[in-house]
Amino acid sequence: MTKIKNSHLKELEDEGIYIMREVAAQFERPVLLFSGGKDSIVMVHLALKAFYPGKIPFPLMHVDTGHNFPETIQFRDQLVENTGVDLIVGSVQESIEKGRVKEETGPDASRNVLQTVTLLDTLKEHQVDAALGGGRRDEEKARAKERFFSHRDSFGQWDPKNQRPELWNIYNGRKNMGESFRIFPISNWTEMDIWQYIAQEEIEIPTLYFSHERKVFNRRGVWLADTDFVNRMPEEKLVTKTVRFRTIGDATCTGAVLSTASNMEEIIQEVASARETERGNRHDDKRSETAMEDRKRQGYF
């Protein structure tokens with residue numbers, strides 16, 4: 001294990017490890033929600049430290065939209081093999097086939113919103129009582145309303161006006177039958193903290209985060225990758241650009257940024273000078289002013 005040199009990162013790491021150990025102590029069937037993105041990768045790294053030299057005592061859970069970047073799935077499978085952690089996969093495609101959700105149509109069709117039903121069904125199937133997520137309060141305004149221990153009712157729904165106080169690092173995991181919690185151990189981290197920690201700990205991340213040439217097209221100011229999943233309009237012309245991704249999600253709505261940052265030092269410098277949040281290039285967040293909060297109320301991560 002690499003020795004922590006930055007005292008600020010050391011405090012954040014200690015907080016995250018403490019919360020993970022609290023989850024293991026208070027809940028019977030927790031899981032760690034894993035998207036393949038940098039935040040969930042840091043979460044896995046914290047979990048490895050929290051329970052070292054033992055195995056992570058809960059599985060990873062990935063909601064697979066079927067429209068992921070291939071690099072994301074390859075990285076996920078390699079991580080599972082390297083760490084020996086168990087993996088649960090919820091499939092949006094299976095939810096569609098079962099009639100649980102309906103595939104969207106049109107140029108802006110995406111499976112990102114459909115993830116909520118698949119997530120809730122998978123949590124119920126495995127009787128999960130606590131789902132650890134990599135949400136950070138600086139990502140988006142709805143995220144900022146979360147507690148570390150975020151209560152969900154028996155339908156998996158979230159009420160931002162009915163949350164429990166968290167005083168003196170005391171976390172209340174008491175719940176009634178059928179209720180559950182979402183846990184956010186890295187709530188106090190910023191995007192910059194994440195990148196500095198990844199650099200300091202030399203954590204491996206998907207190649208999508210580094211600059212590379214890719215065919216993309218511009219849709220309302222967002223550069224979307226050319227994939228088999230995106231319904232490109234005739235006027236949306238493909239061009240080859242040097243890009244990277246600041247956040248990784250469903251390929252139909254995750255925008256790239258024009259960038260030549262090809263190593264950790266350059267990424268950190270780029271993030272330091274960025275004027276837009278990392279979710280500024282998420283096409284799904286642009287559907288409405290309250291897109292994220294609406295989905296969270298319905299049970300989204």
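Values in this document were obtained by computation on a predicted structure and should not be read as measured data.

Brief notes about the environment of I194
Link 1 in the chain: Here I194 lies in helix 6 (residues 191-201).
Link 2 in the chain: A sequence separation of 58 residues divides I194 from R136, and the C-alpha atoms of the two residues are 10.0 Å apart.
Link 3 in the chain: The residues contacting I194, other than those within four sequence positions of it, are K38, D39, V42, R136, I186 and W189.

Considerations on the side chain of T118
Link 1 in the chain: Along the chain, the position of T118 falls in helix 5 (residues 115-125).
Link 2 in the chain: Judged by relative accessible area, T118 falls into the buried class, the value being 1%.
Link 3 in the chain: The residues touching T118, leaving out its near neighbours within four places in the chain, are V63, G90, S91, V92 and S95.

Topic: helix 2 (residues 38-50)
Link 1 in the chain: Compared with the 18 Å implied by 1.5 Å per residue over 13 residues, the 18 Å span of helix 2 between its first and last C-alpha is a close match.
Link 2 in the chain: The set of residues buried in helix 2 consists of K38, D39, S40, I41, V42, M43, V44, H45, L46, A47, K49 and A50.
Link 3 in the chain: Buried-residue contacts for helix 2 involve helix 1 (7-26), strand 1 (30-33), strand 2 (60-64), helix 3 (70-83), strand 4 (130-132) and helix 6.

Examining the packing of helix 2 against helix 6
Packed helices, taken two at a time, are described by their axes: the angle between them and the distance between them.
Link 1 in the chain: Following both chains from N to C, one finds helix 2 and helix 6 inclined at 55°, their axes separated by 11 Å at the closest point. In this view, helix 2 runs oblique relative to helix 6, as classed from their interaxial angle. The way helix 2 lies across helix 6 gives a crossing that is left-handed. Between helix 2 and helix 6, the residues in contact are K38, D39, V42, H45, L46 and K49 and E191, I194, W195, Y197, I198 and E201, respectively.
Link 2 in the chain: Within the contact of helix 2 with helix 6, the residues separate by chemical class into six nonpolar, one polar and five charged.

How each quantity is defined
Residues numbered from 1 in each chain as written. Predicted model: local features only at pLDDT ≥ 70, side-chain atom pairs only at ≥ 80, totals over all residues. Heavy atoms only, no water. Helix = DSSP H or I, 4+ residues; strand = E, 2+ residues; numbered from the N terminus. Contact = heavy atoms within 4.5 Å. Buried < 20%, exposed > 50% of the residue type's maximum accessible area, 1.4 Å probe, protein only. Expected span 1.5 Å × (residues − 1). Axes fitted to C-alpha atoms, helices over the stretch in contact; angles between N-to-C directions. Parallel < 35°, antiparallel > 145°, perpendicular 65-115°, else oblique. Left-handed = near helix turned anticlockwise from the far one by under 90°. Nonpolar A, V, L, I, M, F, W, Y, C, P; charged D, E, K, R; others polar.

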